[in-house]
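Overview (structure and organization)
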Amino acid sequence: MRYLSYLVVFIVFCFMVSCGNEVQPKPKAMLALEYPRPEYQPININCPYTFEINQIAEIAPSKNRRPCWINLDYPSLNGSIFITYQSVNNNLDSLLRDAQKLPLEHTIKAEAIEGDIYTNDIHKAYGMFYELQGDAASQAQFYITDSTSHFLTGSVYFNTQPNYDSIYPAASYIMKDMRYLMETIRWQ
């Protein structure tokens, strides 16, 4: 009986001690990823356009092998910018319509789509930059043209299932490179 009373006291003591601290959830946080500071260099390809790219990007031919379609691969970020080029031959309206429709195809998964107009009268470069938020397949897209001869588009894609929270730091880094690409475009 004496052992039973010690056991009861011990169990009551354990319950009293164990209920003292409340479990607290961890605060939300983002990964503190650091990427190299961008250093840009002009591309050297035989196409009717040129622009500057981040030195960590690698130029690769597009898989569909069309002339002047290239991929800017970011191996360390597991992503790419797909660049397409087309000549303007009395089809600017059609090219613009297709380029503006492309970001809208991601509205099923995108939470928001923001568009910024880009204009550079000195270098005859006019376009639009789209940032897509949410679990869309592409986080950013753009088109740029001189309105008479050249039309270039670009889209960011990652080699993984889209999870916006996880890829946001890398997507943000590549989007800055895309904006810089647009700012440095020169038509040949």
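Notes on the structure follow. This structure is a prediction, so every number in the text was calculated from the model and none was measured.

A few words on the overall build of the protein chain. Secondary structure summary: the protein chain contains 3 helices and 11 strands in total. The buried share among the 188 residues of the protein chain stands at 39%. Split by element, the accessible area of the protein chain, about 12,400 Å² in all, is 53% carbon and sulfur.

Turning next to the state of the cysteines. Within the structure shown, the criterion is met by 1 disulfide. For C47, the disulfide goes to C68, at an S-S distance of 2.2 Å. Linking C47 and C68, the disulfide has an S-S dihedral of approximately -105 degrees and is accordingly described as left-handed. In this pair, C47 sits in the loop between β1 (40-42) and β2 (49-50) while C68 sits in the loop between β4 (58-61) and β5 (70-74), placing the two residues 21 residues apart along the sequence. Accessibility classification places C47 together with C68 in one group, the buried group.

Applying the stated rule across the entire model yields 1 salt bridge. Here R179 makes a salt bridge to D116, at a shortest N to O gap of 2.9 Å. Remark: D116 occurs in strand β7 (residues 110-120) and R179 occurs in helix α3 (residues 164-183); sequence separation between them is 63 residues. What makes D116 partly exposed here is its relative accessible area of 36%.

What follows deals with α3. Residue pairs spaced three or four apart in an α-helix point in one direction, given the helix's 3.6 residues per turn. A170 marks where α3 bends most, by close to 35 degrees. Those residues of α3 lying buried are Y164, I167, P169, A170, A171, Y173, I174, M175, D177, M178, L181 and M182.

As a further point, take the environment of S76. Among the structural elements, S76 can be located in the loop between β5 and β6 (79-87). For S76, a relative accessible area of 62% corresponds to the exposed category. The spacing of S76 and A57 is 19 residues in sequence and 9.1 Å in space, taken between C-alpha atoms.

This paragraph deals with the side chain of S80. If you trace the backbone, S80 turns up in strand β6. Taking relative accessible area as the criterion, S80 reaches 6% and is therefore assigned buried. Polar side-chain contacts of S80 include one of 2.6 Å to the side chain of D73. Apart from residues no more than four positions distant in its own chain, S80 is found in contact with L72, D73, S155, V156 and Y157.

Y49, F51, L72, I83, F142, I144 and L152 are the most contacted members of the largest nonpolar core, which has 35 residues in total. Discounting chain neighbours no more than four positions away, the residues touching I83 are Y49, C68, W69, I70, L72, F142, L152, T153, G154 and L181. Within the second largest apolar cluster, 10 residues are counted, among which are V88, L92, M128 and L132.

This part takes up the pairing of strand β10 (residues 150-158). Judged by how many residues are buried, β10 sits mostly within the fold: 8 of 9 residues are covered. Examined bridge by bridge, β6 and β10 share 9 bridges and lie antiparallel to one another. Bridge assignment links F82 to a residue of β10, and that residue is S155. Inspection of the sheet shows strand β9 (residues 138-145) paired to β10 by 6 bridges, in the antiparallel sense. Its bridge partner lying in β10, Q141 is registered against S155. Joining the antiparallel neighbours β9 and β10 is a turn of 4 residues, in which S147 adopts a positive phi near 75 degrees.

With the rule as written, the count across this model stands at 6 aromatic pairs. Geometrically, the ring pair formed by Y49 and Y85 is tilted, given 5.6 Å between the ring centres and 35 degrees between the ring planes. Placement of the pair is Y49 in strand β2 and Y85 in strand β6, with a sequence separation of 36 residues. With relative accessibility at 10%, the residue Y85 sits in the buried group. Aromatic ring contacts, followed pair by pair, group Y49, F51 and Y85 into a single cluster.

Cut-offs applied
- Residues numbered from 1 in each chain as written.
- Predicted model: local features only at pLDDT ≥ 70, side-chain atom pairs only at ≥ 80, totals over all residues.
- Heavy atoms only, no water.
- Helix = DSSP H or I, 4+ residues; strand = E, 2+ residues; numbered from the N terminus.
- Buried < 20%, exposed > 50% of the residue type's maximum accessible area, 1.4 Å probe, protein only.
- Areas by Shrake-Rupley, 256 points an atom, 1.4 Å probe, with all protein chains shown as cover.
- Disulfide = S-S within 2.5 Å.
- Salt bridge = Lys/Arg side-chain N within 4 Å of Asp/Glu carboxyl O.
- Bend = angle between axes of the 7 residues up to and from the residue.
- Polar contact = N/O pair within 3.5 Å; in protein donor to acceptor, adjacent residues only side chain to side chain.
- Contact = heavy atoms within 4.5 Å.
- Core = buried A, V, L, I, M, F, W, Y, C linked by side-chain atoms within 4.5 Å.
- Pairing = 2+ DSSP bridges.
- Phe/Tyr/Trp six-rings, centres within 6.5 Å; stacked < 30°, edge-to-face > 60°.

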